[in-house]
Amino acid sequence: MKVEFTKELTGDAFKDIRIAVNERADNLIVESLNDDKKRLLEKIKTRPEQMLLFEEFRLLLEMAAQTKKLWKPNETLKVYFFGGQDARTQRVLKYASIWSKHCSIKFEPTTKIEEAKIRVAFQAPSSWSYIGTDALGVPRNEPTINFGWLEDKLPEKDYKQVVLHEFGHALGLIHEHQSPAVKVNWNKTFVYWYFWEHHKWTKGDVDRNLFQEFETTSTQYSTLDKLSIMGYYIPPQFTNDGQEFPLNYDLSDMDKQYIGKLYPQILHS
Ligand SMILES: [Zn+2]
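Because the structure is a prediction, the values reported are computed rather than measured.

1. Side note on the overall build of the protein chain
Here comes step 1: When its secondary structure is counted, the protein chain shows nine helices and five strands.
Here comes step 2: Helices and strands appear in the protein chain in the N-to-C order α-α-α-β-α-β-β-β-β-α-α-α-α-α.
Here comes step 3: The burial tally for the protein chain puts 32% of its 269 residues in the buried class.
Here comes step 4: By sequence separation, contacts in the protein chain at least 24 residues apart represent 75% of the contacts at least 6 residues apart.

Shown next as structure tokens:
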């Protein structure tokens, strides 16, 4: 089973909201808020969080779960590789660029760490990525994506699977099984046991990577896509009703459509 770990987002969710909104104003989804909350949000958007009242703090927490983490359309994201560029990094870029065929974000390698918005490391044992613009809140000398098991002998399809999946997170996508379109009847006791036994994941790791669900407004997923590259392999033992999810090795048709909607081609004439 291929598992990977979406690194815990930085403790400061409000900083991440501000970064996301600064990058792209429509990352903040306000449609779901009533007028009172909209006014409140307007008032507190730029105030330091130490100066927030309890009600304001709660509103920002609510927003944190709903803020998208998307880059600007047409953006070219510079990618820095710890350890330098070689055949391995070429391979990573080749697969990451498959996303670019379906949206307006490009990935370009750079040797200058200071200009890179995406920084890739290859440290065992786990693979993970920050979600979209959360990468901008990561200290400049630290990775924003890690590949824990990309060895040269890894079969192409496994290589491609993990690169597409982690770069999907880097583009702001969450796990398919965490989409609001999915109602998974988890056998939680078994799943906690399994991930602790096999991967030493804590309860918090499992909650974040499997059980945490997202709001409809923050994801825009309308239907469940079992073929999504953003899915996990979920065997029937993980659920009370025997539901399972396959492990997917390529972008699904819905992945391609969806990423194109999030990052349309903007033509400047
Ligand atoms: Zn993931």
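2. As for the environment of F211
Here comes step 1: Structurally, the position occupied by F211 is in helix α7 (residues 203-211).
Here comes step 2: The class of F211 is partly exposed, set by 15 C-beta atoms lying within 10 Å.
Here comes step 3: Spatially, the C-alpha atoms of F211 and V191 are 10.0 Å apart, while their sequence positions differ by 20 residues.
Here comes step 4: Ignoring sequence-local partners within four residues, the contact set of F211 consists of W186 and V206.

3. Some details on unusual backbone geometry
Here comes step 1: P125 follows A124 through a cis peptide bond whose omega is 5°.
Here comes step 2: Topologically, P125 is positioned in the loop between β3 (118-121) and β4 (128-129).
Here comes step 3: Here N74, not a glycine, exhibits a phi torsion of approximately 70°, which is positive.

4. Observations regarding helix α6 (residues 188-199)
Here comes step 1: With twelve residues, α6 should reach 16 Å at 1.5 Å per residue; the first-to-last C-alpha distance of 16 Å fits that figure.
Here comes step 2: K200 lies just past α6 and shows a positive phi near 55°.

5. Here's the deal with the confidence of the model for the protein chain
Here comes step 1: Considering every residue of the protein chain, the mean pLDDT works out to 85; 89% of them sit at 70 or more.
Here comes step 2: Low confidence marks residues 1-11, where pLDDT is under 50. Its contacts with residues over four positions away, or in another chain, come to 31 contacts.

6. So, the environment of I105
Here comes step 1: Within the secondary structure, I105 is located in the loop between α4 (87-100) and β2 (106-110).
Here comes step 2: Placed 31 residues apart in sequence, I105 and N74 show a C-alpha to C-alpha distance of 5.3 Å.
Here comes step 3: Once you skip the residues sitting within four places of it in the chain, I105 turns out to touch W71, E75, L77, W99, S100, L171 and Y263.

7. Details of the nonpolar core
Here comes step 1: In terms of nonpolar packing, the biggest core is built from 34 residues, with W99, I118, V120, V163, F167 and L171 touching the most fellow members.
Here comes step 2: When residues in this core are grouped by element, the largest group, six residues, is from helix α5 (residues 156-170).
Here comes step 3: Setting aside anything within four residues of it in sequence, one finds V120 in contact with V79, F81, F82, V92, P143, I145 and F147.
Here comes step 4: Counting residues in hydrophobic clusters, the runner-up holds five residues, among them I19, A20, L60 and M63.

8. Looking at the packing of α6 against α7
Working note: a packed helix pair is described by the angle between its axes plus the distance between those axes.
Here comes step 1: It is at 9 Å that the axes of α6 and α7 come closest, and there the two elements cross at 115°. As the angle between them shows, α6 and α7 are arranged roughly perpendicular. The hand of the α6/α7 crossing is right-handed. On the side of α6, the interface is formed by V191, Y192 and F195, while α7 contributes K203, D205, V206 and L210.
Here comes step 2: In terms of residue class, the contact of α6 with α7 is made up of five nonpolar, no polar and two charged.

9. Overview of the pairing of β2
Here comes step 1: In the sheet, strand β1 (residues 76-81) pairs with β2 via five bridges, with the strands oriented parallel. The partner of T76 across the bridge, within β2, is K106.

10. Looking at the sheet that holds strand β5 (residues 145-146)
Note: strands within a sheet are paired through backbone hydrogen bonds, in either parallel or antiparallel orientation.
Here comes step 1: Pairing in this open sheet of five strands is mixed, and the strands run β2-β1-β3-β5-β4 from one edge to the other. Both edges of this open sheet fall to β2 and β4, since each of them pairs with a single strand only.
Here comes step 2: Contacting β1, β2 and β3, α4 runs over the sheet at an angle of about 160° to β2.

11. Looking at the packing of α4 against α5
Here comes step 1: Orientation of α4 relative to α5, taken along the N-to-C sense of each, is 55°, at an axis distance of 9 Å. By the angle class used here, α4 and α5 are oblique. You can see that α4 and α5 cross each other, and the crossing is right-handed. Between α4 and α5, the contacting residues are R91, V92, Y95, A96, I98 and W99 on the first element and Y159, K160, V163, L164 and F167 on the second.
Here comes step 2: Its residues assigned to classes, the contact of α4 with α5 shows nine nonpolar, no polar and two charged.

Cut-offs used in this document
Residues numbered from 1 in each chain as written. Predicted model: local features only at pLDDT ≥ 70, side-chain atom pairs only at ≥ 80, totals over all residues. Helix = DSSP H or I, 4+ residues; strand = E, 2+ residues; numbered from the N terminus. Buried ≥ 20, exposed ≤ 12 C-beta atoms within 10 Å, placed from the backbone. Contact = placed C-beta atoms within 7 Å. Expected span 1.5 Å × (residues − 1). pLDDT = per-residue confidence, 0-100. Core = buried A, V, L, I, M, F, W, Y, C linked by C-beta atoms within 7 Å. Axes fitted to C-alpha atoms, helices over the stretch in contact; angles between N-to-C directions. Parallel < 35°, antiparallel > 145°, perpendicular 65-115°, else oblique. Left-handed = near helix turned anticlockwise from the far one by under 90°. Nonpolar A, V, L, I, M, F, W, Y, C, P; charged D, E, K, R; others polar. Pairing = 2+ DSSP bridges.

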